[in-house]
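# Residue-level structural notes
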Amino acid sequence: MISIVNIKTSRIKNRVNLVFSDKNYLPFFIDDIVRLSLVKNQELNLEVMEKIKFLSLLYLGKEYALRQVAISPKTEKVLFYKLKNFLKRTTHKFNLLSGTNIDLVARQIIDELKNKKFLDESDFVDYFIKKNKSKSIVQIKYLLQQQGVDVSKFKISSTNEVETIKNFLIKKKFDQNLLSDYNYKNKLYASLFRKGFSVSTIKTAIDEYLSLQ
């Protein structure tokens with residue numbers, strides 16, 4: 001039967017490391033030590049050991065998820081995918097965690113974050129649009145759908161697609177002579193059209209850009 005040989009303090013706030021008789025260790029949330037009444041030299045039956053494994057992975061996963069949403073807004077779909085990958089890596093890092101139900105841990109973390117309003121789709125949509133302001137509405141909506149967003153629930157409109165294209169042309173320093181070339185201009189039209197901009201919007205933007213030359 002495995003036992004706890006040491007409960008070591010960690011440099012990370014509110015964390016301890018449980019050291020076991022088989023020389024493995026697990027990071028653990030300090031409050032869970034009290035909840036499970038864990039003490040040094042305690043022998044652990046299978047049921048308690050499974051609880052320890054689950055809570056350790058839950059704690060590590062929750063810390064990771066909170067760091068992710070602190071970096072930038074996330075959708076449930078994106079965070080769930082990233083979280084599962086993190087949990088898989090963690091179970092490989094800590095041998096004792098192998099066999100722990102990763103899906104159950106990830107689902108519990110996601111549900112808790114949703115209940116605490118840390119996964120707000122509106123915040124994510126606003127963040128995503130600002131981050132991708134150089135893209136067309138069509139592209140933005142497509143990419144949002146890939147992130148798991150139901151775009152029909154949001155009013156997504158371009159601030160000014162003409163300005164977006166003009167800024168692109170200015171940044172790339174397109175020469176007036178090149179834009180006067182029929183074949184080159186058609187290639188540019190095709191390129192912008194594939195990005196989701198309408199032909200009329202492209203024409204207006206190029207005309208306005210040329211008037212600035």
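As shown above, the structure is provided for reference.
In this text, all values refer to a predicted model and were calculated from it rather than measured experimentally. (Residues numbered from 1 in each chain as written. Predicted model: local features only at pLDDT ≥ 70, side-chain atom pairs only at ≥ 80, totals over all residues. Heavy atoms only, no water.)

### Quick look at helix α2 (residues 46-71)
When the terminal C-alpha atoms of α2 are compared, their 38 Å separation across 26 residues agrees well with the 38 Å that a helix rising 1.5 Å per residue should span. Where α2 begins, the capping side chain belongs to asparagine 45, and its oxygen is found 3.2 Å from the backbone nitrogen of glutamate 47. (Helix = DSSP H or I, 4+ residues; strand = E, 2+ residues; numbered from the N terminus. Expected span 1.5 Å × (residues − 1). Polar contact = N/O pair within 3.5 Å; in protein donor to acceptor, adjacent residues only side chain to side chain.)

### Digging into the packing of α2 against helix α3 (residues 76-93)
Between α2 and α3, whose axes approach to 10 Å, the crossing angle comes to 140°. For the element pair α2 / α3, the angle class is oblique. Once α2 is placed against α3, the crossing between them reads as right-handed. Of the residues in α3, those in contact with Leu57, Leu60, Gly61, Tyr64, Ala65, Gln68 and Val69 of α2 are Leu79, Lys82, Leu83, Phe86, Leu87, Thr90 and Thr91. Across the contact of α2 with α3, the residue classes tally to nine nonpolar, four polar and one charged. (Axes fitted to C-alpha atoms, helices over the stretch in contact; angles between N-to-C directions. Parallel < 35°, antiparallel > 145°, perpendicular 65-115°, else oblique. Left-handed = near helix turned anticlockwise from the far one by under 90°. Contact = heavy atoms within 4.5 Å. Nonpolar A, V, L, I, M, F, W, Y, C, P; charged D, E, K, R; others polar.)

### What about a positive patch on the surface?
On the surface, a cluster of positive charge is made up of Lys171, Lys172, Arg194 and Lys195. On the accessibility criterion, arginine 194 (65% relative accessible area) is exposed. (Patch = residues over 30% accessible without salt bridge, like charges linked within 9 Å, V, L, I, M, F, W, Y side chains within 5 Å. Areas by Shrake-Rupley, 256 points an atom, 1.4 Å probe, with all protein chains shown as cover. Salt bridge = Lys/Arg side-chain N within 4 Å of Asp/Glu carboxyl O. Lys, Arg positive; Asp, Glu negative; His and termini not counted. Charge placed at Lys NZ, Arg CZ, Asp CG, Glu CD. Buried < 20%, exposed > 50% of the residue type's maximum accessible area, 1.4 Å probe, protein only.)

### Side note on the pattern of salt bridges
Overall, the coordinates contain 11 salt bridges when judged by the stated rule. For glutamate 112, the salt bridge goes to lysine 62, with nearest N and O atoms at 3.1 Å. Here glutamate 112 is found in helix α4 (residues 102-115), whereas its partner lysine 62 is found in helix α2, with 50 residues between them in sequence. Assessed through its relative accessible area of 24%, glutamate 112 is described here as partly exposed. The structure contains a network of salt bridges with shared partners spanning Glu76, Arg107, Asp111 and Lys114.

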